Amino acid sequence: MPNHSQTHLNPRSPLVLDTRELPRRPGAMRGLSRVVEAPADLGLEMIGVPTGGEVSLDLRLESVSEGVLVSGSVTVAVEGECGRCLRPIDDSLSVTIQELYAYEKSTTDETTDEDEVGRMQGDLIDLEPALRDAVVLAMPTNPLCRDDCPGLCPECGVHWDDLPAGHNHERVDSRWAALQDLTNIKE
Ligand SMILES: [Zn+2]
Ligand SMILES: [Zn+2]
């Protein structure tokens with residue numbers, strides 16, 4: 001469960017947004033574009049954002065009556081392994097974020113649960129929990145190097161791409177068996 005308020009936010013942390021420049025007047029807006037380093041453990045077992053990998057934030061901060069609405073897109077580099085053939089995956093992922101952060105002591109702050117609406121700490125917003133949720137949710141639980149990856153031959157473990165058409169391990173035809181005996185080819 002994300003802890004929005006138990007820890008004191010560090011304004012220099014890359015995923016903490018400072019809204020001091022944003023007037024607390026509904027409708028006021030500020031754009032925010034920055035590239036930051038990914039926090040650790042952002043991902044799933046088979047695929048994830050490498051620690052220190054690039055996270056590009058392209059966000060809009062908008063004052064609303066009870067807080068700040070953060071919306072926009074987040075693009076991350078992802079690395080992983082194909083669930084069928086184990087080849088490395090090197091890709092990127094873009095997700096959209098739209099999250100409301102209530103001012104401290106606003107009505108929203110006092111009448112909603114922290115799981116429903118985010119909270120501001122003074123002028124600071126901790127984007128990390130929302131970013132984690134959005135990024136992890138968008139990651140495939142069974143990542144593939146490509147949609148039609150044929151995987152590996154279960155008998156010899158070679159990628160089907162690297163095997164000739166018709167490759168199989170069924171008992172060879174008796175005529176070929178005879179030939180193999182002659183030439184001493186072992187399967
Ligand atoms: Zn694959
Ligand atoms: Zn095979």
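This is a predicted model, so every value here is computed, not measured. Sequence order as written defines residue numbering, which begins from 1 separately in each chain. Here every chain gets a letter starting at A, and every ligand a number starting at 1, in the order they are written. Reporting in this predicted model follows two pLDDT cut-offs: at least 70 for local features of residues, and 80 or more for side-chain atom pairs to be given and counted; totals over whole chains, interfaces and linings ignore these cut-offs and use all residues. Note that the side-chain values use all heavy atoms of the structure and ignore hydrogens as well as water.

Participant: Just to check I follow, could you spell out the overall build of the protein chain for this structure?
Facilitator: A run of DSSP states H or I qualifies as a helix once it reaches four residues; a run of E qualifies as a strand once it reaches two. Both are numbered from the N-terminal end. Along its length, the protein chain carries 3 helices and 9 strands. Counting helices and strands in the order they occur from the N terminus, the protein chain gives β-β-β-β-β-β-β-α-β-β-α-α. Out of the 187 residues in the protein chain, the part that is buried amounts to 34%. Every residue pair with non-hydrogen atoms within 4.5 Å of one another is taken to be in contact. Counting only contacts in the protein chain whose residues sit at least 6 apart along the sequence, the fraction spanning at least 24 positions is 58%. Only the protein chains shown count as cover for residues, and the accessible areas themselves come from Shrake-Rupley with a 1.4 Å probe. Working note: accessible area of the protein chain is about 11700 Å², and carbon and sulfur atoms make up 48% of it. Throughout this description, buried means an accessible area under 20% of the type-specific maximum (1.4 Å probe, protein chains only), exposed means over 50%, and partly exposed covers the range between.

Participant: Any chance you could explain the coordination of the zinc ion (ligand 2) here in plain terms?
Facilitator: The reference angle at a metal is 109.5 degrees if four donors form a tetrahedron and 90 or 180 degrees if six donors form an octahedron. All of the protein donors around the zinc ion (ligand 2) are C153 (SG), C156 (SG), H167 (NE2) and H169 (NE2); their distances to the metal are 2.0 to 2.3 Å. Only nitrogen, oxygen and sulfur atoms qualify as donors, provided they sit within 2.8 Å of the metal or within 3.2 Å for Na, K and Ca; with water excluded from the atoms, sites may seem incomplete. Tetrahedral means four donors with every angle between 85 and 135 degrees, whereas square planar (four donors) and octahedral (six donors) require angles over 155 degrees between opposite donors and between 65 and 115 for all others; sites fitting neither are termed irregular. Considering all 4 donor atoms around the zinc ion (ligand 2), angles at the metal cover 98 to 114 degrees and the coordination shape is tetrahedral. Ordering the donors of the zinc ion (ligand 2) by residue number gives the pattern C-x2-C-x10-H-x1-H. A residue pair is termed long-range when its members are at least 10 positions apart, and C153 in the loop between α2 (128-138) and α3 (174-183) and H167 in the loop between α2 and α3 qualify at 14 residues.

Participant: Please explain the pattern of salt bridges as it appears in this structure.
Facilitator: Opposite charge on two side chains permits pairing when their charged atoms draw close. For this document, the term salt bridge refers to a Lys or Arg side-chain nitrogen within 4 Å of an Asp or Glu carboxyl oxygen. Under the counting rule described, the total for this entry stands at 9 salt bridges. Where R87 meets D162, a salt bridge forms, and the shortest distance between an N and an O atom there is 3.6 Å. You can see R87 sitting in the loop between β6 (67-81) and β7 (88-102) and its partner D162 sitting in the loop between α2 and α3, a full 75 residues away along the chain. Accessibility expressed as a relative area gives 54% for D162, which makes it exposed. Between D148 and R146 there is a salt bridge whose closest N-O contact spans 2.7 Å. A residue is classified by how much of its surface remains accessible, and D148, at 55% relative accessible area, is exposed. If you follow the salt bridges from partner to partner, you end up with R87, R146, D148, D161 and D162 in one network.

Participant: How do you make sense of the coordination of the zinc ion (ligand 1) when you look at a structure like this?
Facilitator: The protein atoms that coordinate the zinc ion (ligand 1) are C82 (SG), C85 (SG), C145 (SG) and C149 (SG), at distances spanning 2.3 Å. Here the donor residues of the zinc ion (ligand 1) share one chain and are spaced in sequence as C-x2-C-x59-C-x3-C. Residue C82 is found in the loop between β6 and β7, and its partner C145 is found in the loop between α2 and α3; the two are separated by 63 residues along the sequence. A residue is classified by how much of its surface remains accessible, and C82, at 0% relative accessible area, is buried.

Participant: Explain α2 here, please?
Facilitator: Every α-helical turn comprises 3.6 residues, leaving residues that sit three or four positions apart pointing alike. Within α2, the full set of buried residues consists of P129, A130, L131, A134 and V135. Of the surrounding secondary structure, the elements contacted by the buried residues of α2 are β3 (42-43), β4 (47-49), β5 (54-64), β6, β7 and β9 (124-126).

Participant: What's the story with the nonpolar core in this structure? I'm lost.
Facilitator: Generally speaking, soluble globular proteins have nonpolar side chains that are buried together. In this description, a nonpolar core means a group of buried Ala, Val, Leu, Ile, Met, Phe, Trp, Tyr and Cys residues linked to one another through side-chain atoms lying within 4.5 Å. Ranked by internal contacts, the top residues of the largest apolar core, which has 36 residues, are L57, L59, V70, V74, L131 and V135. For this core, the secondary structure elements donating two or more residues are β2 (29-37), β4, β5, β6, β7 and α2. If sequence neighbours within four positions are ignored, L131 has contacts with L15, L42, V55, L57, V74 and I97.

Participant: Explain the pairing of β7 to me, please; I cannot follow it from the model alone.
Facilitator: Strand residues, when the strand is regular, have side chains that alternate between the two faces of the sheet. Pairing between two strands is assigned when DSSP locates at least 2 bridges connecting them. With 15 bridges connecting them, β6 and β7 associate as antiparallel partners. Across the sheet, the residue bridging to S71 is Q98, located in β7. In textbook terms, the turn of a hairpin is the stretch between consecutive antiparallel strands, and for β6 and β7 this stretch comprises 6 residues, one of which, L86, has a positive phi near 65 degrees. Pairing of β7 with strand β8 (residues 118-121) involves 2 bridges; the strand directions are parallel. Along β8, the bridge assignment pairs Y101 with G118.

Participant: Teacher, can you tell me more about the side chain of T108 here?
Facilitator: By secondary structure assignment, the location of T108 is in helix α1 (residues 107-111). Discounting residues that sit within four places of it in the chain, T108 has contacts with E66, A102, V117 and R119.

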